[in-house]
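# Structure at a glance
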Amino acid sequence: MHIVSTPVARPLTERERVERSAAPAFGTAFTEHMVSARWNPEQGWHEAELVPYGPLLLDPATVGLHYGQVVFEGLKAFRSHTGEVAVFRPDAHAVRMRASARRLMMPEPPEELFLAAVDALVAQDQEWIPDDPGMSLYLRPLLFASERTLALRPAREYRFLMVAFITEGYFGPAQRPVRVWVTDEYSRAAAGGTGAAKCAGNYAGSLLAQEEAQSKGCDQVVWLDPVERRWVEEMGGMNLFFVYGSGGSARLVTPPLTGSLLPGVTRDALLRLAPTLGVPVSEAPLSLERWRADCASGAITEVFACGTAARISPVNEVSTKDGSWTIGPNTVGADTAGGSAGGNGARVNTAGEITGRLSAALFGIQRGELPDPHSWMRPVSPARQSATT
C-alpha cells in the first residue's frame, strides 16, 4: 500500500535530536513523524500518509474513548554495527495486530498497510537511532474506533496510527535482575476474554496490581491463572521462562498459551532460537508452589522475562503475601517469610548462563552481528535513498 509522504518542513538538527533523546524515560522521546490511515465501510482503508508528529482532534463522543475499541502493538528497529537499520519481525506483529482487531470487532489492518507504515516511518526517522547498541527505535502502531457516536455497537470508522520513540531497555540500559510480586488478588484476563489480544483495557486493568508490586519493593507483577490462582501465567507486559539445570543439561519451560496469555513475539522467537543453541524448550504449566519448591531444591537455576520493551531480563527475587525467595546459586536468603522482596539479601548483578546466551544470540541477530536464518530482520533504507515512500 502506498504511503503519501509529507515530512516536516524543517527537520531537527542532529544536535537537537541528540538533546531530545538523551537518557530518555521509556515512551517520552518521540521522533518527528507519524503514519496515519483511516477506514470506513464505503472506502475501506484510505488516506494512508506520513505526516509530522502532532496532536489529534477527537470528538468527545469518539467510540474508542467510551467503549474501548483500541488495540496496539510494539516493535523495534535496530541500527546494526555497520550502520544499517532493520526492524525485528514486523510481519509477526502485523499478524498479531490483526488477531487483536478481530477479537474486538475492528477492521483488520492489512499486512501491506502495516509493513508500509513501518517502512515509511523508519525510513524517514532512522537518523534518530543512536550508534549506541543499547538504544533502539520503538514503534507503536495503534488502531482505535474514531466514529462519533455513543451507540453500543462496533464503530463504523477507525483510525490507524504509528508513532516512534527512542528507548533503551524497559528496565534501563543494563540487563539488571528484577524483583517480582505475585498477586493472588487481581487477575489479568480469563479464557474466552481478551487476554490473547493486545488491547488497551488489559493494560489499564493491570495498573493497580503493578502499583501494589511497586509498593512491595518489586519491579513487576506476576499474574496467576484467573480460576485457581495457582498457575503462573505471565508478567505485566512480558512472558516468563524458567531454566532447569545448567550447561549442557539445561532446558527451558514456559507457560502454555491458554487464551488468557498474550502470545509474545519475543517469546515465539525464543521458542525457535533456544533449540538451535542446544537448549530444549517446552510449554508446560507451572504452579506457584512448584516454582518455589524447584528454586529451593536448585532444580530451577534461572528465570527470565522477555518482551519487545524488556528484551530479556533476568528475574532473581520473587515475593508473595506468604513469603519470598531468590533464584539461582549466587543469591543469598533463599527463602524468607514476610512477603517483601526488599530484605532478601544480595541481588545477582549479571544474568545466568542460559539467560545470557539467549540474550546475546537474540541481540546479535537484531544488531546484525549474527546470521539471521529465520529472516526476522526487515532492512529499511533511509528515505533519501528512495524515490518514493
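Placed above this text is the structure.
Notes on the structure in this doc start here. This one's a predicted model, so the numbers in the text were calculated from it and none came from an experiment.

### Examining the pairing of strand β6 (residues 75-79)
- Across the five residues that make up β6, a large majority, five, are buried.
- The alternating pattern of β6 places Leu75, Ala77 and Arg79 and Lys76 and Phe78 on opposite faces, both of which are buried.
- Relative to strand β8 (residues 136-145), β6 is paired through three bridges, and the arrangement is antiparallel. Its bridge partner being in β8, Lys76 is matched across the sheet by Tyr138.
- In the sheet, β6 pairs with strand β7 (residues 85-88) via three bridges, with the strands oriented antiparallel. By the bridge assignment, Arg79 is partnered in β7 with Val85.
- The antiparallel pairing of β6 with β7 creates a hairpin that spans five residues between the two strands, and Gly83 there sits at a positive phi of about 95°.

### Remarks on the nonpolar core
- Counting residues in hydrophobic clusters, the biggest one holds 45 residues, and the most contacted among them are Val122, Leu139, Leu143 and Phe160.
- Mapped onto this core, the elements with two or more residues apiece are β3 (33-40), β4 (44-52), β6, β7, α3 (90-103), α4 (111-125), β8 and β9 (158-167).
- By residue number, the principal contributor to this core is α4, which donates 10 residues.
- One finds Val180, Val182, Met235 and Val303 within the second-largest nonpolar core, a separate group that totals 24 residues.

### Some details on the pairing of strand β14 (residues 251-254)
- Relative to β14, strand β13 (residues 239-244) runs antiparallel, the two being bridged by three bridges. Residue pairing across strands places Val243 opposite Leu252, the latter belonging to β14.
- Here β13 hands over to β14 after six residues, with Gly245 in that stretch at a positive phi of 80°.
- As paired strands, β14 and strand β15 (residues 281-283) are joined by three bridges and run parallel to one another. By the bridge assignment, Leu252 is partnered in β15 with Val281.
- Considered for its hand, the β-α-β crossover made up of β14, helix α7 (residues 265-276) and β15 is right-handed.

### Quick look at the state of the cysteines
- Evaluated as defined, the whole model comprises zero disulfides.
- Not part of a disulfide, Cys199 finds its nearest cysteine sulfur in Cys306, a span of 20 Å.
- We classify Cys199 as buried; its relative accessible area is 4%.

### Describing the environment of Arg17
- Assignment of secondary structure puts Arg17 in helix α1 (residues 14-21).
- As for Arg17 and Trp128, which are separated by 111 residues in sequence, their C-alpha atoms are 6.5 Å apart.

### Here's the deal with α4
- The end-to-end C-alpha distance of α4, which contains 15 residues, comes to 21 Å, matching closely the 21 Å that a straight helix rising 1.5 Å per residue would cover.
- Taken across its 15 residues, α4 has 11 buried, putting it largely inside the fold.
- Along α4, the residues classified as buried are Leu113, Phe114, Leu115, Ala116, Ala117, Val118, Ala120, Leu121, Val122, Ala123 and Asp125.

Scoring rules and cut-offs
Residues numbered from 1 in each chain as written. Predicted model: local features only at pLDDT ≥ 70, side-chain atom pairs only at ≥ 80, totals over all residues. Heavy atoms only, no water. Buried < 20%, exposed > 50% of the residue type's maximum accessible area, 1.4 Å probe, protein only. Helix = DSSP H or I, 4+ residues; strand = E, 2+ residues; numbered from the N terminus. Pairing = 2+ DSSP bridges. Core = buried A, V, L, I, M, F, W, Y, C linked by side-chain atoms within 4.5 Å. Right-handed = clockwise from strand over helix to strand, strands pointing away. Disulfide = S-S within 2.5 Å. Expected span 1.5 Å × (residues − 1).

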